[in-house]
Amino acid sequence: MRHAFVRWSPLLLVLLFALAMVPAPAVAKAQAGPTPSAVTPQPLPGYRYVGGMSRDAVVLGVLYVPLRNAQLIYYYAQAVSTPGSPLYHRFLTPRQVQELFYPTQRFEEAESYLASHGLRVLYTAADSIIVFEGTVKDVEGALGVKVGMFSNGSLSYYAVTSYSGNALGLVPYVSNVTAVIFRSPPLIHIVKPDLRGQQVVTSLTAYPLPDVVRAYNVTPLYSMGYYGQNVSVGILDFYGDPVITQALARFDQVYGLPPANLTVVPIGPYDPNLGLVTGWNYEIDLDVESVHSAAPRAHIVLYVANGALPLVVPIATIDQLDQVSIVSQSFGIPESVFSYYGSSFYLYNVYLADVYYALGAAEGITFVAASGDGGGMGYSAGPLGDVNYPASSPWVLAVGGTTTYLTFYPNGMPSSSYSTAWSAAGFVPYMQNFGGSTSGYSYFEPMPWWQQGVAPTPPQGFPYGRAVPDVSANANIFPGVYEVTYGNETIIEGGTSEASPLTAGLLALIESYLNQRLGLLSPTLYAL
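Criteria and thresholds
The written sequence of each chain sets the order in which its residues are numbered from 1. Selection of residues for local features in this predicted model requires a pLDDT of at least 70, selection of side-chain atom pairs for listing and counting requires 80 or more, and totals for whole chains, interfaces and linings are taken over all residues. To get the side-chain values, all heavy atoms of the structure are used, and hydrogens and water are removed first. Any residue with relative accessible area above 30% and no salt bridge may belong to a patch, with like charges joined within 9 Å and the nonpolar Val, Leu, Ile, Met, Phe, Trp and Tyr side chains within 5 Å. We get accessible surface area from the Shrake-Rupley algorithm with a probe of 1.4 Å; when it comes to residues, only the shown protein chains can shield them. What counts as a salt bridge is simple: a side-chain nitrogen of Lys or Arg found within 4 Å of a carboxyl oxygen of Asp or Glu. Every helix listed is a DSSP run of H or I at least four residues long, and every strand listed is a run of E at least two residues long, numbered separately from the N terminus. Burial status follows relative accessibility: with a 1.4 Å probe on protein chains alone, a residue under 20% of its type maximum counts as buried, one over 50% as exposed, and anything between as partly exposed. Using a 1 Å grid laid over the protein atoms alone, points where a 1.4 Å probe fits but cannot get out form a cavity; open sets with protein on both sides within 12 Å along at least 5 of 7 lines form a pocket; any residue with an atom within 4 Å of a point counts as lining. Grid points are joined across faces, edges and corners, and a volume is the space filled by probe spheres set on the points. Polarity classes work like this: nonpolar for Ala, Val, Leu, Ile, Met, Phe, Trp, Tyr, Cys and Pro, charged for Asp, Glu, Lys and Arg, and polar for all others, with Gly in that last group. Whether two strands pair comes down to DSSP finding at least two bridges between them. Angular values range over 0 to 180 degrees, each being the angle between N-to-C directions of two axes fitted as lines to C-alpha atoms, with helices fitted over their stretch in contact. Any Phe, Tyr or Trp ring, taking Trp's six-membered ring, that has another such ring centre within 6.5 Å forms a pair; planes under 30 degrees apart are called stacked, those over 60 apart edge-to-face, and the others tilted. The contact criterion used is simple: two residues touch if any of their non-hydrogen atoms lie within 4.5 Å.

Draft legend 1. Region of the structure containing a nonpolar patch on the surface. Taken together, the side chains of Met224, Ile510, Tyr513 and Leu514 make up a nonpolar region of the molecular surface, amounting to roughly 370 Å² of accessible area. Checked against the element boundaries, Ile510 lands in helix H17 (residues 496-514). Looking at Ile510, the relative accessible area reads 36%, which means it is partly exposed.

Here it is as C-alpha cells:
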C-alpha cells in the first residue's frame with residue numbers, strides 16, 4: 001500500500017493544495033449537505049398523512065457517512081472533464097478514490113452503532129452508504145426520527161416526519177417513497193401489435209433496433225472491426241427481469257446478433273419477479289437490446305436496484321465497483337414534484353446523488369440519462385415546463401429524443417435515413433404530455449461551467465439553470481422499434497427510454513475505437 005501511495009503522491013499533493021484553497025463555507029456545505037426539516041413533509045399529490053406506523057413494523061433505511069475531502073470531488077471531476085485542463089482525462093483509479101475519499105473508520109463505527117441498536121445492515125457501498133432494516137421502534141430510537149404513513153386509499157408509503165438528531169450526528173433516510181415513484185417505468189411507451197408468425201399486423205410502423213443503429217453512421221466503425229469489444233456498458237434499472245436472458249437470446253436469434261455478454265448485479269434486496277408485476281421487465285428488455293444492437297461485442301452490466309432505495313445507493317455502488325465506463329439510465333423524476341417528497345428525499349436522491357455522479361466522472365464514467373417524453377412543457381402544469389432528474393444533473397449527459405425514418409432496399413437492408421425533431425404540439429394535462437423530448441432549464445441545478453456562454457440564455461422568468469437535453473437520439477414511437485420481451489413476444493416501444501441506451505451503445509463503439517474512457521462528455525461536446 002505504501003508503494004502505491006508514493007507512486008501517485010504528486011497528484012495527491014496537487015489535490016491537497018486545491019483543498020487548502022477552498023473557502024471554509026464551501027467545505028462545510030460539501031460535507032454536510034442540507035438538513036431535513038423537523039416537520040411532516042407535504043404528501044404526494046392524492047396522498048394524505050394517516051399517522052404513525054406500528055412500532056413492530058419493519059422499515060428500510062439508508063445512512064450516509066460523509067465522504068472525506070468531499071469538496072475535492074467536484075474540483076477533480078471538473079478538471080479531468082474540461083478540455084485544456086492539465087488533468088484532462090487523467091481519471092482517478094479505484095485505489096486513489098478510496099484513499100482520498102472513503103471515510104472507512106467512521107463508516108465502520110456507524111455499522112457497529114446500528115447493529116448495537118438492533119438494526120440489520122443489508123447492503124453497503126463505497127464505505128459511505130449503509131442500507132439497513134429494523135422495526136420502527138428500533139429505527140426511531142437509534143436515529144432520532146419519527147416515521148409516518150401516507151396513503152391514497154390504495155397505495156401507501158412511509159417517510160420520516162421529524163428528525164431530532166442522534167449520537168452519530170448523521171441524517172438518515174427512512175422511506176420507501178421511490179417504490180411509489182418507480183412503481184412502473186416512467187419513460188417508456190408500449191404498443192402490442194397482433195403477431196401472426198413473422199408478419200406484424202398493425203397500422204403502426206416500427207423498425208428493428210439494429211437497423212435504427214445504422215442511421216448513426218456506424219458502418220465505418222463496424223467495417224474496421226469495432227463492435228464495442230473491450231468496453232463494459234452499465235444499465236441502471238429497478239426491480240428486475242427474470243427472463244432477460246431468454247428474451248435477449250431470442251432477440252439475437254431474430255436479428256442475427258452474436259450472443260450477448262450480460263452480467264446482472266442486484267443492488268439491495270432482490271426479487272426479479274417484481275419486474276413482471278411492475279412492468280420494469282419491458283424497460284430492462286428495451287435497454288439491454290438497445291445497447292446490444294449498437295455495440296454487439298460490448299459487455300453489458302445490468303444493475304438492478306431495489307425499488308425502495310434512494311438513487312444515491314446504486315450510483316455509489318457503480319462508482320465503487322468501477323467495472324463499467326458508460327451507464328445508461330432510462331428513468332427520471334420531474335423536478336416540479338421535489339417539494340412533495342421532503343428534504344431527506346432531496347438529500348439522498350439529488351444532492352448526494354450529484355456527489356457520486358461527480359465522483360464517477362472523476363473515475364472516467366460517462367453517465368447518460370433520458371430527458372423525458374413530456375415535450376417542451378415537461379410534466380408540470382404551467383408554461384415554464386419541467387425537466388427530469390438525473391438528466392438535469394451537471395454530471396450526467398442528458399439525452400433527448402428525435403424521430404428517425406428509414407428506407408430499405410428490396411433485400412430488407414436499410415438504404416437511407418433522416419431524423420427530425422420529436423416534439424408535442426400544445427399543452428396536455430399533467431403526466432399525459434407524452435409526445436416530445438422533454439427540454440428546459442433546471443430549477444435546482446445551476447447552469448454548469450461547460451454550458452455558460454454556449455447554451456442559450458434562459459428567457460425572462462426562467463431560472464438560470466442547467467439546460468436539458470445535451471444530445472438526442474431516436475425516441476418517437478411513431479415509428480417505434482421492435483422489442484422481444486416476456487414469452488418471446490414482440491412489442492413496439494419508444495421514448496427517451498430508447499434514446500438513452502442507444503446513445504450508451506454508440507458511445508461504447510467510440511470507446512472501443514479510441515481504447516480509452518470518455519468520462520463526462522458534455523464539456524468536450526460544448527467546446528466543439
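Anyway, onward from the coordinates.
Draft legend 2. Main features of empty space enclosed by the protein. Inspection of the entire model under this criterion finds one cavity of 30 Å³ or more. For the largest cavity, the calculated volume is near 70 Å³. A class-by-class count of the residues in the lining of the largest cavity yields eight nonpolar, three polar and no charged.

Draft legend 3. Highlighting the sheet that holds strand S5 (residues 145-151). Across the sheet, three strands lie side by side as S1-S5-S6; this open sheet has antiparallel pairing. Edge positions in the sheet fall to strand S1 (48-52) and strand S6 (156-163), since each has one partner strand and no second. Averaged over neighbouring strand pairs, the angle between their axes works out to 40° when direction is ignored. Strand direction decides the pairing type here: S1 and S5, joined by four bridges, are antiparallel. Its bridge partner being in S5, Gly52 is matched across the sheet by Gly148.

Draft legend 4. Structural detail: the packing of aromatic side chains. Across all of its chains, the model carries 26 aromatic pairs by this definition. Ring centres of Trp395 and Trp449 lie 5.6 Å apart, and the angle between their planes is 50°; on these two criteria the pair is classed as tilted. Placement of the pair is Trp395 in the loop between strand S18 (388-389) and strand S19 (397-408) and Trp449 in the loop between strand S21 (440-446) and strand S22 (465-468), with a sequence separation of 54 residues. Among the residues examined, Trp449 registers a relative accessible area of 25% and is labelled partly exposed. On the numbers, 5.0 Å between centres and 55° between planes, the contact of Trp450 with Tyr526 is tilted. Placement of the pair is Trp450 in the loop between S21 and S22 and Tyr526 in helix H18 (residues 522-526), with a sequence separation of 76 residues. Through a chain of ring-to-ring contacts, three or more aromatic side chains come together here, namely Tyr74, Trp395, Trp449, Trp450 and Tyr526.

Draft legend 5. Representation of the side chain of Thr402 in the model. Considering the arrangement of structural elements, one finds Thr402 in strand S19. Residue classification places Thr402 among the buried residues on the basis of a relative accessible area of 14%. Leaving out residues up to four positions away in the same chain, Thr402 has contacts with Tyr216, Ser419, Thr420, Trp422, Ser472, Ala473, Asn474, Ala475 and Asn476.

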